[in-house]
Amino acid sequence: MSGAVGIVGVHQEPYGENYSESTLEEMVFRATRRLLEEAGVEREELSNIVTASSDVTDGRAISNMVMAGSTASYFKDSINLSSASEHSFLLAAMQIMSGLRDLTLAISWSKVSESPVDVVQRVASEPYFTRPIGINAMTSYALQASAYEQAYGPDRNLISRVVVKNRRNALDNPLAHLREAPTLEQVNESAPLSWPLTEYDLPPYSDGVCVLLLASEERARVFDGPVAWVRGMGWATGGYWMGERDLTKLPSLEAAAKKAYAMAGIEDPLEQFDAAELHEASSYNEIMQYEALGFAEYGAGEELISEGVTLPEGKLPVNRSGGALSSNPAFASGLVQVAEAALQVTGRAGERQVEGARRALATAQQGFATQGASVVCLEGE
Amino acid sequence: MKQESLTTLQEHWDITYNHALGETGSHFYNALRDEGKILGRRCPACERVLLPPRPFCDRDFVDTTDWVEVGTEGRVEAFTVVFQSFRGLPEAPYCIAYVLLDGADTAVLNYVRGIDWTPGNVPQNIGVGTRVKVAFAEEREGRMTDFWFEKA
Amino acid sequence: MREVAIAGIGQTKYSGLTDQSYPELVRAATKTVLEDAETTIDSVDAVVVSMAPDAIIGVSHGERWIVDACGAAGKPMMRVHTGGATGISAVQVAAYHVASGMYDTVMVVGADRVGESGDAQTILNRIWDPFYERAMPLNTITMLAFQAVRFMEKYGMTEEHMAAVSVKDHKNGCKNPYAHVQKEFTVEDVLGSRMISWPIKLYDSCPSSSGGAAMILTAGENVGRFPHKPAYIRGLGHASETYWMGDRMGPKKEVDHADSPALTQAAYAAYKMAGIQDHRREIQAWELYAPFSNIELHAIQDVGLCEPDETLKLLEDGAFDIDGDRPVNPSGGVLCANPISVTAMVRVAEAALQVQGRAGEHQIDGVKTALATGIGGDHQHFGAVVVGDGR
Ligand SMILES: [Zn+2]
């Protein structure tokens, strides 16, 4: 790895049902402005900006166009990615590693309240074979959960306890969208939406914006606050066709983790990480991530729940923020996990802080049934 | 062997969005609809009156602070006359122009109506610098099409 | 910075045909670049997808759909989208993959099928702010007609000057086997062509093209593994302007819609990174993104190829012709092919072909360094890449 990269600023607006009081552009401007104020950085000092956005979610065919003003891009190098929100972070880090940029914003947003989510997701399926079937995030993750169910027959109580854990964690996160926790009984008894997934097994849809400030080692030294250093990162995509993939596993997440762990020198993730923020697309999916990330053998992910390993007081607290099951600004969710991991290793996570967290892991997923995934390893000082 | 014909699949996207206008946009459209006024927003840093009104100035990256009513006459800064119709857009020909209304510091886009367009007479009938005035629709509904420009 | 070299270039023939599906076009571009680099997809460590508004192909996040077509399954993949600048932004993103040390060999690939949607200009109306401007029939043609009107006012450009650009580029396009439009026009033909959005006429305009393009970038230390004389990415620049076109007018404007200071900023950043001091002397070929004839003229002066008051005179003197002393768009440029998602990538590819001496009939003698540019958004996002034969 070339030059070291540090995260020196994080700003998230509270995730919520509907930011009806402001336009999308205004919402993103405010978050960006506040990050710069909190970090004590003038817009002129930024070397560049990387945004990540989803045109169809935004209802703007080139969504970084009107948004240029909101993202501090006026007369700045500003590149936009549309594959995943956390890709903005990954590109910003690579730009700094190359030595060509040194103080970079990574920004992503979603104002899903303005669009019909099901239709927006449906036009993301190709028109010839899958669109007529009505594939969307819910049905794709239900197919994944169903495949896992068939392969390993996990204990439904343990699946439900993932929901209870994350939703309880959200009570400590003032930014979380859903801040009341269901009981195990409520989760177990909720009606199926797309078998085997029930309402509680799936994330809500939230409006929100997430902004990170990345700096080169030299620039990071100038900041007073603690720095979250990027130690490893990896990302990978799988093939488009779900019928060709092994839906009982998350191969793209495994590939991403392999690369990130190699960079960061991680051999035993369960021992070496102190906290993890996993972008769980469903309750089942969190258990499946434990396996793909090497926390447990295939089919044994539920043991981390039964043994309390991923509870706040466990050995590796997972989704101390409440995770996507509590706040899910759709396209922007991946970047949120990176932000939360950065807060953990810098000791800035407030009530949701994992005591003494020095190394944290963040994951993100995109596409139908985890087509693509990313892994970021961070370390504090 | 029989030649197989290649086929197509017709798909139509039908997505309805409800874009929040926010305080700034809502106030602008309410004033336009109810009072027939065109309002800009002033940036405290560069002191430009921004029209269309925006809650923040992208140049200075600060919030705009106050409302300024702008004039109903102005100067054409850029224009085009469109002679080709596109599906989903109006029937050609029509003229659209960016006009710097008196009292505003940025130009606003709208139709220029009341001129007979044929391809040969464009530069004779309108140019950068042409003075125009705002005409308001009698029935206003709080949209940009509540007003347009005509030659002054 | 770690050296980044161009190891392969692939283009399909651009056309108005719609007989291939979008993934098939991506597949064709991928195959072509792998053949050109005499390698296989196994040697590609990461993929960057160059994809502009996905509504044009009718699949949202269409990058996920074409993973199999471009061989990205199991690999890192990112999609870049900066409107018309997408292709040149994507090359830059791929260059960062290599320059950072994260990956050694990266493929950047894309395609477009502008004929897929009969509503391209309706889709392109949806790029505008939904609150104030979308109610007006703005599209990519009208926004650049505004530029033409202001450029006429500021610099004295006439419809004849625009026609002369079109004549020059179409003449060059006849020498480029990949060009969509391969037909020569006279000034009279252009002036007599159908008026679309005054002063832009049919023959001042780019076609709606289908086709794909791809490039393989690799670390400088790997160039020996690939067959061609290497071309190096020596300079990168990117800059954005305000979205609001109306802010680029009036006495308090900071920039004029006639000009693009952000293009100047991007180009000079690229010169600086490349260590170029006298770009007019050190650069011998210019591939400047210009979907309408008027745009080429402002791009010429905004990248500093001449002083603003010289542009029209130099055009009249033939300085920008393929055999002139400042040749612009020897490939025929965007006026001869505009597969939107990859158009700006093709500018970099053509600059590289010139540097490698592989441009065939439109080769300019002795090109050591070339500039490529791209423009996206509402004449708002600008990218520049300097390609050179040395390190
Ligand atoms: Zn200002």
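Residues numbered from 1 in each chain as written. Chains lettered and ligands numbered in written order. Predicted model: local features only at pLDDT ≥ 70, side-chain atom pairs only at ≥ 80, totals over all residues. Heavy atoms only, no water.

Undergrad: How would you sum up the UniProt feature "domain: Thiolase C-terminal" (unreviewed entry) in chain A? Please name residues and give values.
TA: The UniProt feature table records "domain: Thiolase C-terminal" (unreviewed entry) at residues 244-376 of chain A. Between the end C-alpha atoms of residues 244-376 of chain A the distance is 27 Å, and the span holds 35% helix and 12% strand. (UniProt positions renumbered as here; feature names shortened; annotations may be inferred. Helix = DSSP H or I, 4+ residues; strand = E, 2+ residues; numbered from the N terminus.)

Undergrad: So what's going on with the coordination of the zinc ion? Which residues, and what values?
TA: Residue and element names in this part refer to chain B. With distances of 1.9 to 2.3 Å, the protein atoms coordinating the zinc ion are Cys43 (SG), Cys46 (SG), Cys57 (SG) and Asp60 (OD). One can describe the donor arrangement at the zinc ion as tetrahedral, given that its four donor atoms subtend angles of 102 to 118° at the metal. Exposure remark for Cys43: the relative accessible area of 0% places this residue in the buried category. (Donors = N, O, S within 2.8 Å, 3.2 Å for Na, K, Ca; no water. Tetrahedral: all angles 85-135°; square planar, octahedral: opposite > 155°, others 65-115°. Buried < 20%, exposed > 50% of the residue type's maximum accessible area, 1.4 Å probe, protein only.)

Undergrad: Got a sec to walk through the interface of chain B and chain C? Specific residues and values, please.
TA: With 47 residues of chain B at the interface, the matching set in chain C holds 45 residues. Area buried by chain B at its contact with chain C is led by B:Trp13, B:Arg87 and B:Tyr98, which between them contribute 15% of it. If you look at where chain B meets chain C, you find five salt bridges. The partner of B:Arg59 in a salt bridge is C:Glu254, with the nearest N and O atoms 3.7 Å apart. Elements supplying a minimum of two residues to the side of chain B that touches chain C: α1 (22-35), β6 (73-82), β7 (94-101), β8 (108-112) and α2 (122-125) of chain B. The element contributing the most residues to the side of chain B that touches chain C is β6(B), with six residues. Looking at the side of chain B that touches chain C, its residues break down into 30 nonpolar, nine polar and eight charged. (Contact = heavy atoms within 4.5 Å. Buried area = accessible area lost by both parts, 1.4 Å probe. Salt bridge = Lys/Arg side-chain N within 4 Å of Asp/Glu carboxyl O. Nonpolar A, V, L, I, M, F, W, Y, C, P; charged D, E, K, R; others polar.)

Undergrad: Tell me what's going on with the pairing of strand β2 (residues 46-50) of chain C, and back it up with residues and numbers.
TA: Residue and element names in this part refer to chain C. Of all five residues in β2, five are buried; the element is thus mostly enclosed. The alternating pattern of β2 places Ala46, Val48 and Ser50 and Val47 and Val49 on opposite faces, both of which are buried. Looking at chain direction, β2 and strand β4 (residues 105-113) are connected through five bridges and run parallel. Counted as the bridge partner of Val48 is Val108 from β4. Pairing geometry for β2 and strand β3 (residues 77-80), over four bridges, is parallel. When the bridges of β3 are listed, Val49 appears paired with Arg79. (Pairing = 2+ DSSP bridges.)

Undergrad: I'd love a proper account of the interface of chain A and chain C, names of residues and values included.
TA: Each side of the interface is counted separately: chain A has 58 residues, and chain C has 61 residues. Summed over both partners, the interface of chain A with chain C buries about 4800 Å², with 62% contributed by carbon and sulfur atoms. Contact with chain C buries surface across chain A, with A:Met65, A:Phe75 and A:Trp235 losing the most and accounting together for 15% of the total. Where chain A packs against chain C, one counts zero salt bridges. Linking chain A with chain C are 24 residue pairs in polar contact (both at pLDDT 80 or more), by the criterion used here. Sort the elements by how many residues they give to the side of chain A that touches chain C and helix α3 (residues 86-97) of chain A lands first, with six residues. Each residue belonging to the side of chain A that touches chain C can be placed in one class, and the counts come to 27 nonpolar, 21 polar and ten charged. (Polar contact = N/O pair within 3.5 Å; in protein donor to acceptor, adjacent residues only side chain to side chain.)

Undergrad: Any details on helix α5 (residues 137-152) of chain A? Residues and values, ideally.
TA: All names here are of chain A. In this model α5 runs 22 Å from its N-terminal to its C-terminal C-alpha over 16 residues, within 8% of the 22 Å that 1.5 Å per residue would give. Within α5, the full set of buried residues consists of Ser140, Tyr141, Ala142, Gln144, Ala145, Ser146, Ala147 and Tyr148. The inward-facing, buried residues of α5 abut β5 (192-194), β6 (197-198), α11 (283-292) and β10 (359-366). One side-chain oxygen of the residue at the start of α5 lies 3.1 Å from the amide nitrogen of Met138, identifying that residue as Asn136. Positive backbone phi, approximately 50°, marks Gly153, located one or two places after α5. (Expected span 1.5 Å × (residues − 1).)

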